[in-house]
Structures are given as structure tokens and as C-alpha cells.
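Here is how the chains run, residue by residue.
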Number of protein chains: 2
Amino acid sequence: MLLGSIEAGGTKFVCAVGNEDYQIKDQIQIPTTTPIETLTQVVNYFKQFELAALGIASFGPIEIRKTSPKYGFITTTPKPGWRDTDFLGLIKKELKIPISWTTDVNGSAFGEYTMSTLFNEKINSLVYYTIGTGVGAGTVIDGHLIGGIGHPEMGHVLLKRHPDDLNFKGICPYHGDCLEGLVAGPTFETRTGKKGEDVPLTDKTWDIMAYYIAQAAIQTTLILRPNKIVFGGGVTNETLLEKIRNEFQRILNGYVEVPPLDQYIAPPQAANNNSANIGNFALAYRLLLE
Amino acid sequence: MLLGSIEAGGTKFVCAVGNEDYQIKDQIQIPTTTPIETLTQVVNYFKQFELAALGIASFGPIEIRKTSPKYGFITTTPKPGWRDTDFLGLIKKELKIPISWTTDVNGSAFGEYTMSTLFNEKINSLVYYTIGTGVGAGTVIDGHLIGGIGHPEMGHVLLKRHPDDLNFKGICPYHGDCLEGLVAGPTFETRTGKKGEDVPLTDKTWDIMAYYIAQAAIQTTLILRPNKIVFGGGVTNETLLEKIRNEFQRILNGYVEVPPLDQYIAPPQAANNNSANIGNFALAYRLLLE
């Protein structure tokens, strides 16, 4: 059986074809230009295959409430040309198969949850954070994605400021110094004048980042009590993860029990940034079982 | 049919008997002394009735993982004499009926969720915060309580500090200036030298409280996207709720859509502090339907 996956980002769309064992058979990248141009290429790509179902994980914000007339739309994105785009509707018109619809980070969360079942980790809830150009997170609770009145937007919470970072105003256009405003990739340039990849891991900017990201992990822990928190995205690396673990332990101060931190605060298990593809395959396959 | 409810607090146990329509038929209060003394009185009270099932909502921390050998225990509480008490086991030995087991705030959250269904609010997720001697919260998502590795402890997250409150160190013995450390009832005395009920609602301490509690509501909104956030507990009042709504709106800055704020950030619908009793009845009744 063949399943399709679209990981729709603001720069590129990754389209993949795989099977119900999550093996990728084919994959292409399509630049994100206009909705009509990009989505036409997407449809033409998938029409080469006999897909049983398709999963879409899209940049947002998107409408995920099935009761809404705008279900399947990209809604209030600042991305030029994409505001109020009926993404799901346009794909559905061309591909007459079951299609799942969620956010990019929910797709990745579901992919990492799926990976954990393949590795027999016996977990039932997981949160996936991406720390990159932006900051977002997806959540699986008891095997299901959550969101009563919309999808989570976990990147925009406020945090206790680091004492050595009080003069930094943050870069979020909505909130200034929310999580995204304090730790998204572009904050490196604002703080240090250098791109993140050029800031040595010994620079204390990384410690400040870890302090904030650890607070996000604390919130996630105390509010959701998941089995695992995965950190992906371009800013994340093993040195940063280890700093996050140390800050997490220091701040939590033993208040609640958590799994061993090297398993609890972890990098993605899906190789080659394929978390969202695997999540899409799994969500698409689930539609066929319903 | 008769259902039982225990709302177990650090000062008193409220025991109630009601029916599957959540009507309370009888109720007593038992002081919290030693486990053996208090629980014996509880059992003797309920033995007067022919209960079909019982719900327990307890102060914590408690063990809620059914796979744990300590399932049903109050675990690491600082309350003298109650650490590692097999609460559920002791009750089960005496009352041979189905018994549900959760935290006090989860009981209240489930009660308020139940009330919302009675008022036909058509919601599927709700968070209940208590702001009192301590701060805690319970969560219902898609009609179920959550917690993969334990129950939520939402009172202990860190927050952005209010510019006029930077010198206050907070009173949480674990975390200093976490949410509980900044807004629990006893902070009034530490900040102003007066008990909360003696601090006029025009005093700016209430604005500082609202700033912090609004951040908790923001976290809850962005992480869980519930349909409703209920605030109960001794510190809460309508003036404070209105201040919280204003701060919430200011901080969120239109980033995501939420229901009208007077419905979204709301006081309990259950009268006379009966949220937990109603939640217990509903959870106990659910056991009979499984």
C-alpha cells in the first residue's frame, strides 16, 4: 500500500511516498511560491502514484476544527499570498482519497510518537518542539493530537527572564519576549551580530537559550506530564540539549518524578528530518482503519 | 442509585452522597487528623448508605498510574503522617464497590466539565485552577483527565516577573517565584502584611496577581487550547477575574482566537464549592458504565 505525505513549510514543500511500515519510497522538494503554482506541482507529483491515503502537516496557523467552514484552510499567516488558502480543499478536489490535516509540528509529534512505538518505548504521550526560524510544538496525548478550539501555539508563552539577558527585548512581533521571541534562530543575530551556526557552543548565549527552553520543558512537564519531550529544528544540537537537561533539573528541583533526562529530553528518532513524513503516513493510515 | 464522593483536603475531608443526576442527598465534613482516624470516620459514614460507586479527589501528590505498586497512595506530601498512605487501598478494603481515584483539582475540573454539559455548553476540554492556600489545576481533554507519567502540577511553572514586583522572592519552598510562590493566598501577607481578605481590591497587589494568573491562562491556552478555563479557590473573586481577563487580552495580543473572555475565563458553575463532589459523582458513575 502506498501513502502520501506533505510537509508544507514556508520555504519548501517536502512531498513523500511511503508504505504502512513508514518506509519512504520516493521524495521531492517543491519551493513554496504561490498557492496555485505550488499546489499544482504537489498534485501532479502525487498523481504518478496509486495512493491509498495522504497526510498533510502544514505551516500555520491553520483551521483544524472540522465544524468550521474554514476547516482545511491556512488562515492568518503573514506569508504573502497564502492567507485564507483552502489548502485541503484544493488537494481534495484533485486526489479523491482520505486525507489527514494537521500542523507541521503536530505531524512531527505524531511521527516521533510513532517512532517510539516502533522502538517499543511504551509511551502514550509526547511533545515535539521545533526550535528554528520560529518556535512551535505539537502534542500527542493518549495516542491522539489535542486542541479543542484550535491547535497549540506553544511558542508564544512568557517566561522568567534570565538575569544576564534583561536588556534583550525579544523579536516576536506579537509578544516581544515570549519563548519564540527569546530563542528562535534569528535571536542569535540580534543578540550577538552573528548567525547561530557561527556562535561557539561555549558562548554564554547558549546558556541563556537553555534557560528559556528548559522553562518550556518545565511548563510542558507540569501541564501535560508527557512521557517524552523531543526537541528538533535547526537551532537544536546535543550540546544545547545537555544544557537544557541541566537547567531543567535545577529549576524543577525534584518537584515531580520524570524519566531519566537523557530519554525524557531527547533529539528526534526519525532520521533526516523525517518526523513529519512518518507522522503523516501514520495519520493517513489511521484514516483507513477508522 | 447512590454515589459517594470524598474531597480530601489537608484541613478537612468533605464526604457527600448523591445520585447520578448530581444531586447531593447528604454531606459531612471530617477534620484531617491522622490517616487511620480520618479514614475510619470516612468509611463509617459511607457504610450508612448503599453506594453503587465512589469517587475520591485527594490532595497530593498522589500516584495515579495504575501500573504502579503505589497506585492509590498519597505519596510525597509534606502533611505530617500522610506521606506514603495507601488511601485508596484502605477505603477499598472496607467498601467493596468501584472507586475512582484522582487529584482534588482533577475532581473539580471534571465537575466543572460535567456542569458545562448540563448547561449544554458543548465543550470537550476544560482546565480548572484553584488559587487558594496553594495553586493547582486539573485538566479534562476530550472528556478525559490527562497525565501520562503522573498528574499535572500546573502551579509550579515560572513566569515573567511584574516590573513592580521584582523584589518579591516568592514563597514556594521548591521554586521561590513560581506561579504558586507568587500568587498563593499567603503571598498577600508576605507582600503587604495583611491577609488577602483585608487587602482592598483597589490595591495594586491585585493587579500584580492578575498579571501572573493571566500568564497561567496564556500558557494553558497556547499549550492545551481548551474551551474554557475556570478559576476557583479562596483568592478568586469577580474583580480579580476581570483583571485577569484584561491582562490576558493584553498579553495574548490577538495571537489566537479564543471564546468571549467572560465565558472563557470563568468562575465555577457548581454552587457551594461542590465542583469536586460533582466530578466525583460523574467519575464514579462512569466506572459503572465501563
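Read on for an overview of the structure. Here the structure is a predicted model, which means the values were calculated and not measured. (Residues numbered from 1 in each chain as written. Chains lettered and ligands numbered in written order. Predicted model: local features only at pLDDT ≥ 70, side-chain atom pairs only at ≥ 80, totals over all residues. Heavy atoms only, no water.)

Further remarks concern the overall build of chain A. Across its full length, chain A carries nine helices and 10 strands. Compactness check: chain A gives a C-alpha radius of gyration of 19 Å against a globular reference of 19 Å for 290 residues, within 12% of the reference. Its C-alpha atoms put chain A at 55 × 40 × 35 Å along the principal axes. Within chain A, the proportion of its 290 residues that are buried is 58%. For chain A, the share of sequence-separated contacts (at least 6 apart) that also reach a separation of at least 24 residues comes to 62%. Taken as a whole, chain A presents about 11800 Å² of accessible surface, with 50% of it coming from carbon and sulfur. (Helix = DSSP H or I, 4+ residues; strand = E, 2+ residues; numbered from the N terminus. Rg over C-alpha atoms; globule rule 2.2 N^0.38 Å. Buried < 20%, exposed > 50% of the residue type's maximum accessible area, 1.4 Å probe, protein only. Contact = heavy atoms within 4.5 Å. Areas by Shrake-Rupley, 256 points an atom, 1.4 Å probe, with all protein chains shown as cover.)

Let us now look at the pattern of salt bridges. Applying the stated criterion to the full structure yields 28 salt bridges over all chains. Close ionic contact of K47 of chain A with E94 of chain A constitutes a salt bridge, the shortest N to O distance being 2.8 Å. Placement of K47 of chain A in the loop between α1 (35-46) and β4 (51-58) and of E94 of chain A in helix α2 (residues 87-94) is noted, with a sequence separation of 47 residues between them. For the salt bridge of R250 of chain B with E247 of chain B, the shortest nitrogen-to-oxygen distance reads 3.0 Å. Of this pair, R250 of chain B and E247 of chain B both sit in helix α7 (residues 238-252), three residues apart, which is roughly one turn of the helix. The class of E247 of chain B is buried, set by a relative accessible area of 18%. Shared partners join several salt bridges into a network, and the residues in it are K160 of chain A together with R161, D165, D177 and R191 of chain B. (Salt bridge = Lys/Arg side-chain N within 4 Å of Asp/Glu carboxyl O.)

Now for the relation of the copies chain B and chain A. Once turned by 180° and shifted 0.0 Å along the axis, chain B lies on chain A with an RMSD of 0.0 Å. Those values place the two copies in the arrangement expected of a two-fold rotation axis. The position closest to the rotation axis in chain B is occupied by the C-alpha of K160 of chain B, lying 2.0 Å away. Most of the interface of chain B is mirrored in chain A: 100% of its interface residues are interface residues there too. (Least-squares fit on C-alpha atoms with pLDDT ≥ 70 in both.)

The interface of chain B with chain A comprises 39 residues on the first partner and 39 residues on the second. Interface of chain B and chain A: buried area, both sides summed, is about 3700 Å²; carbon and sulfur atoms make up 62% of it. For chain B, the biggest contributors to the area lost against chain A are I149, I223 and Y255 of chain B; these three give 22% of the whole. Summed over the shared surface of chain B and chain A, the number is two salt bridges. D177 of chain A serves as the salt-bridge partner of K160 of chain B, at 2.9 Å between the closest nitrogen and oxygen. At the boundary of chain B and chain A, one finds 15 residue pairs in polar contact (both at pLDDT 80 or more). For the side of chain B that touches chain A, the secondary-structure elements that each account for two or more residues are α6 (204-224) and α7 of chain B. A per-element tally of the side of chain B that touches chain A places α6 of chain B first, with six residues. Looking at the side of chain B that touches chain A residue by residue, the classes come out as 21 nonpolar, 12 polar and six charged. (Buried area = accessible area lost by both parts, 1.4 Å probe. Polar contact = N/O pair within 3.5 Å; in protein donor to acceptor, adjacent residues only side chain to side chain. Nonpolar A, V, L, I, M, F, W, Y, C, P; charged D, E, K, R; others polar.)

Right, let's get into helix α7 (residues 238-252) of chain A. Residue and element names in this part refer to chain A. The end-to-end C-alpha distance of α7 is 21 Å, a good match for the 21 Å that 15 residues give at a rise of 1.5 Å each. Next to the buried residues of α7 lie α6 (204-224), β9 (228-232), α8 (261-264) and β10 (265-266). Of the residues flanking the start of α7, the one acting as N-cap is N237, its side-chain oxygen 3.1 Å from the backbone nitrogen of T239. Immediately downstream of α7, the backbone of N253 shows phi near 55°, a positive value. (Expected span 1.5 Å × (residues − 1).)

Further remarks concern the packing of helix α1 (residues 35-46) of chain B against helix α2 (residues 87-94) of chain B. Residue and element names in this part refer to chain B. For the pair α1 and α2, interaxial distance at closest approach is 10 Å and the crossing angle is 35°. Seen along the crossing, α1 lies across α2 with a hand that is right-handed. For the pair formed by α1 and α2, the contact residues are L39, V42 and V43 on the first element and F87, L90, I91 and E94 on the second. Here the residues of the contact of α1 with α2 sort into six nonpolar, no polar and one charged. (Axes fitted to C-alpha atoms, helices over the stretch in contact; angles between N-to-C directions. Left-handed = near helix turned anticlockwise from the far one by under 90°.)

So, on to α2 of chain A. Given 3.6 residues per helical turn, the α-helix brings residues three or four places apart onto the same face. Residue and element names in this part refer to chain A. Every buried residue belonging to α2 is among F87, L88 and I91, and all of these are buried. Down the axis, α2 shows its buried residues gathered within 90° of arc, on one side only. Along its buried surface, α2 packs onto β1 (2-8), β2 (12-18), α1, β4 and β5 (99-103). (Arc of directions from axis to C-beta.)

Across the junction of G60 of chain A and P61 of chain A, the peptide omega takes the value 0°, indicating a cis bond. With respect to the secondary-structure elements, P61 of chain A resides in the loop between β4 and α2. You will see that Y22 of chain B, though not glycine, has its phi angle at about 70°, which is positive. The residue Y22 of chain B is located in the loop between β2 (12-18) and β3 (24-31) in this model.

With that settled, the discussion passes to the packing of aromatic side chains. Throughout the structure, instances matching the rule amount to 24 aromatic pairs over all chains. Seen from their ring centres, F87 of chain B and W101 of chain B are 5.4 Å apart, and the 75° between their planes marks the pair as edge-to-face. Of this pair, F87 of chain B sits in helix α2 while W101 of chain B sits in strand β5 (residues 99-103), and the two are 14 residues apart along the sequence. Classification of F87 of chain B as buried rests on a relative accessible area of 0%. On the basis of relative accessible area, W101 of chain B is assigned to the buried category, the value being 8%. An aromatic cluster of at least three residues, connected via ring pairs, comprises F13, F59, W82, F87 and W101 of chain A. (Phe/Tyr/Trp six-rings, centres within 6.5 Å; stacked < 30°, edge-to-face > 60°.)

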